[in-house]
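As a plain string of letters, each chain reads:
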Amino acid sequence: MLTKNWITDENNVVYGSDDELIPMLSKYLSIPDLDRKIKQFREAPVKEGVTLRGMRRTSAVLFIPDLYFDDDIVMGANVWIYMGDMQPAYCIYKPWDEKAI
């Protein structure tokens, strides 16, 4: 069950950029257009998150922890993917634009 205590335990979370995590998760979940769905969710997030269903009886929840828990947690403004307590949650962040610094 997705709880704030579970999500804030660093042993349950993998942090990575779009380029690092999305191809691997897309293949693992059998969701070929995962990158597009994450982009759409970033543009129009909903508090309760969105459940995605894969082609091989897999599913995952896209959510933003700061919205979901009404609290501020580390990296909580990014899109996260939750696949159940037996899998790590994946925090997918967009790296800073080096040119903007």
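Trainee: What is the right way to read the overall build of the chain from this model?
Mentor: The secondary structure content of the chain amounts to four helices and five strands. Reading the chain from its N terminus to its C terminus gives the helix and strand order α-β-α-α-β-β-α-β-β. Its C-alpha atoms give the chain a radius of gyration of 13 Å, within 12% of the compact-globule value 13 Å for 101 residues. Along the three orthogonal principal directions, the C-alpha set of the chain runs to about 40 × 30 × 25 Å. Within the chain, the fraction of its 101 residues that count as buried is 40%.

Trainee: When you look at the side chain of Asn78 in this model, what are you seeing that I'm missing?
Mentor: Relative to the assigned elements, Asn78 resides in the loop between α4 (65-68) and β4 (79-82). Within the structure, the side chain of Asn78 is placed 3.2 Å from the backbone oxygen of Met75, a separation counted as a polar contact. Setting aside its immediate chain neighbours within four residues, Asn78 contacts Phe63, Ile64, Pro65, Cys91, Ile92, Tyr93 and Lys94.

Trainee: Hey, could you run me through the environment of Ile38 in this one?
Mentor: The topology assignment puts Ile38 in helix α3 (residues 34-43). It is 15 Å that separates the C-alpha atoms of Ile38 and Pro95, two residues lying 57 residues apart in sequence. Look past the residues within four positions of Ile38 in its chain and what remains in contact with it is Ile22, Leu62, Val79, Ile81 and Ile92.

Trainee: I keep staring at the pairing of strand β3 (residues 59-63) and nothing clicks. Help me out?
Mentor: Consecutive side chains along a regular strand alternate between the two faces of the sheet. A large share of β3 lies buried, amounting to four of its five residues. Linkage of strand β2 (residues 50-53) to β3, two consecutive antiparallel strands, is achieved through a turn of five residues, within which Arg57 is found at a positive phi near 60°. Where β3 and β4 come together, three bridges link them in antiparallel fashion. When the sheet's bridge partners are listed, Leu62 is paired in β4 with Ile81.

Trainee: Would you mind showing me how to read the sheet that holds β2 here?
Mentor: In any sheet, the strands associate via hydrogen bonds between backbone groups, in a parallel or an antiparallel arrangement. Judged by pairing direction, the sheet is mixed, and its five strands sit side by side in the order β1-β5-β4-β3-β2 without closing on themselves. Since the sheet does not close on itself, it has two edges, and those belong to β1 (13-17) and β2, each with one partner. With strand direction ignored, the average angle separating the axes of adjacent strands in the sheet is 25°. Inspection of the sheet shows β2 paired to β3 by four bridges, in the antiparallel sense. The residue of β3 that forms the bridge with Val50 is Leu62. Where helix α2 (residues 18-29) meets the sheet, it contacts β1, β3, β4 and β5 (89-93), and its direction lies at approximately 140° from that of β5. Relative to the sheet, α3 contacts β2, β3, β4 and β5, its axis offset from that of β4 by approximately 125°.

Trainee: Got a minute to help me understand the confidence of the model for the chain in this structure?
Mentor: Note: predicted coordinates in regions of low pLDDT should not be interpreted at a detailed level. The pLDDT averaged across the chain works out to 90; a share of 94% of its residues lies at or above 70. Within the chain, β4 carries the highest mean pLDDT (96), whereas helix α1 (residues 4-8) carries the lowest (92).

Reading the values: rules and limits
Residues numbered from 1 in each chain as written. Predicted model: local features only at pLDDT ≥ 70, side-chain atom pairs only at ≥ 80, totals over all residues. Heavy atoms only, no water. Helix = DSSP H or I, 4+ residues; strand = E, 2+ residues; numbered from the N terminus. Rg over C-alpha atoms; globule rule 2.2 N^0.38 Å. Buried < 20%, exposed > 50% of the residue type's maximum accessible area, 1.4 Å probe, protein only. Polar contact = N/O pair within 3.5 Å; in protein donor to acceptor, adjacent residues only side chain to side chain. Contact = heavy atoms within 4.5 Å. Pairing = 2+ DSSP bridges. Axes fitted to C-alpha atoms, helices over the stretch in contact; angles between N-to-C directions. pLDDT = per-residue confidence, 0-100.

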